[in-house]
Structures are given as structure tokens and as C-alpha cells.
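Chain by chain, the residues:
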Amino acid sequence: MILLDTCALVFVALAPERLSAEALHAIEEGEENGSLACCDFSLWEIAMLIARGQLDPGTDTLSFLKLVLASRVIRPLPITPEIAKISANDALFAHHDPADRIIAATALHYGGPLVTCDQALQAVKGLKIIW
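Just so you know, the residues in each chain are numbered from 1, in the order the chain's sequence is written. Given that the model is predicted, a residue must reach a pLDDT of at least 70 before its local features are reported, and side-chain atom pairs must reach 80 or more before they are shown or counted; all residues, however, enter totals for whole chains, interfaces and linings. By convention in this description, side-chain values take in all heavy atoms of the structure and omit both hydrogens and water.

Draft legend 1. Geometry of the overall build of the protein chain. The way it works is that DSSP assigns letters per residue, a run of H or I at least four long becomes a helix, a run of E at least two long becomes a strand, and they are numbered from the N terminus. Tallying secondary structure elements over the protein chain gives 6 helices and 5 strands in all. If you list the helices and strands of the protein chain from N to C, you get β-α-α-β-α-α-β-α-α-β-β. For the radius of gyration, the atoms used are the C-alpha atoms, and the globule rule reads 2.2 Å times the number of residues raised to 0.38. The C-alpha atoms of the protein chain give a radius of gyration of 14 Å, which matches the 14 Å a tight globule of 131 residues would have. Projecting the C-alpha coordinates of the protein chain onto the three principal axes gives extents of approximately 40 × 30 × 25 Å. Considering the protein chain as a whole, with its 131 residues, one finds that 47% of them fall into the buried category. Contacts were defined at the residue level, with two residues in contact if any of their heavy atoms lie within 4.5 Å. In the protein chain, of all internal contacts separated by at least 6 residues, the share reaching a separation of at least 24 is 61%. For the area figures, the Shrake-Rupley method with a 1.4 Å probe applies, and any residue is considered shielded solely by the protein chains shown. Carbon together with sulfur atoms contributes 56% to the accessible area of the protein chain, which is approximately 6700 Å² in total. Here the term buried applies to any residue with accessible area under 20% of the maximum for its type, exposed to any over 50%, and partly exposed to those in between, with areas from a 1.4 Å probe on protein chains only.

Okay, here's the thing in C-alpha cells:
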């Protein structure tokens, strides 16, 4: 499983040139073997960016979210009790951003790398970052 952070989802859809070569390679490989996923919380983050006018996908929110997932066959993963427990571990996280915690905890729970440009997540022990 290769988990895409919110920034990676947006870049895949609207600005693929912003992806690093390593990130793009991982995404293409994940697409080929059907292992791309995202945390369901990322969908909420994108919806909020659109609602606040910070992101203009050129279409309505629901259509955009569905297109992002379908474009590369990205499977949204729900927050489970195990993921919630990991995300609440202050020893793992230097910051308190709930979205970052849940997304990183999802990657940790499933044991896959996280495609992200978020530098703060590099400090999470045991989390493999691709960028």
C-alpha cells in the first residue's frame, strides 16, 4: 500500500509537475499494482480547501473528489480504532495537527510509505516518507 497525503492528491490531480520524481514514480508504480490509497480525512481536507476558496479545481467539490479517486484508482481508507489510538500518541507526533496525525497514523497502521511534501511528518518515528 502506498498512501497519498492530501498535498499529493491535489498535485496528482491539478499540478503533477509539483510532484518529485520519486513521488511520481511511486504513484505510477502504485497505480500499476493497485496499491494506491489515501486517508478518508484527506477528502475532508480537500473539501475544506475548496469551500474556503483556497483551492479551485474547476468543478464542484463532489465531482472533483470522485475524479481524484478514480483517476488513479485510489482507495480511501477509513479511520479505524487502531488508527485513532496511534494518532493520539503524543510521543510519536511533535505537532498537534489532527489531519497530519490521522494520515500518518494510517500509514503506520498499514505499514506503507506516505507520499508527502510535508516536512513535519519526517519526524514521525517509523514513518517512511516518499518525496
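Draft legend 2. Representation of the nonpolar core. Judged by nonpolar contacts, the single largest core of 26 residues is most densely connected at Leu4, Leu9, Ile27, Ile46, Ile74 and Val115. If you list the elements that add at least two residues to this core, you get strand 1 (2-4), helix 1 (6-14), helix 2 (21-33), strand 2 (36-39), helix 3 (40-51) and helix 4 (61-71). When residues of this core are assigned to their parent elements, the largest contribution, 6 residues, is made by helix 1. The contacts of leucine 9, once residues within four sequence positions are left out, are Leu4, Cys38, Ser42, Ile46, Val68 and Ile74. We call a set of buried residues a nonpolar core when its members are Ala, Val, Leu, Ile, Met, Phe, Trp, Tyr or Cys and they connect through side-chain atoms within 4.5 Å of each other. Core analysis: the second largest hydrophobic core is formed by 19 residues, Leu3, Ala107, Leu114 and Val124 among them.

Draft legend 3. Layout of the environment of glutamate 82. Mapped onto the secondary structure, glutamate 82 falls in helix 5 (residues 81-87). Owing to a relative accessible area of 44%, glutamate 82 belongs among the partly exposed residues under this scheme. Taking the C-alpha atoms as reference, glutamate 82 lies 31 Å from serine 20; in sequence the two are 62 residues apart.

Draft legend 4. Representation of the side chain of serine 35 within the structure. For serine 35, the location among the structural elements is in the loop between helix 2 and strand 2. Overall, serine 35 belongs to the buried group, its relative accessible area being 15%. At 2.5 Å, the side chain of serine 35 and the side chain of asparagine 33 are in polar contact. Once you skip the residues sitting within four places of it in the chain, serine 35 turns out to touch Met1, Ile2 and Gly30. Counting of polar contacts relies on pairs of N or O atoms within 3.5 Å, with two restrictions inside protein: one atom must be capable of donating a hydrogen and the other of accepting it, and residues adjacent in sequence are counted only when both atoms are side-chain atoms.

Draft legend 5. Molecular detail of the pattern of salt bridges. Put simply, a salt bridge is a Lys or Arg side-chain nitrogen that is within 4 Å of an Asp or Glu carboxyl oxygen. Scanning the model with the defined rule gives 2 salt bridges in all. Across the salt bridge formed by aspartate 90 and arginine 101, the nearest N and O atoms sit 2.7 Å from each other. Note that aspartate 90 is positioned in the loop between helix 5 and helix 6 (98-110) and arginine 101 in helix 6, a separation of 11 residues in sequence.

Draft legend 6. Expanded view of the side chain of aspartate 100. In this structure, aspartate 100 sits in helix 6. Of the buried charged residues, aspartate 100 lacks a salt bridge, with arginine 101 as the closest side chain of opposite charge at 8.6 Å. With sequence-adjacent residues up to four places away left out, aspartate 100 is seen in contact with Phe93, His95, Asp118 and Leu121. The convention is simple: Lys and Arg are positive, Asp and Glu are negative, and His and the chain ends are not counted.

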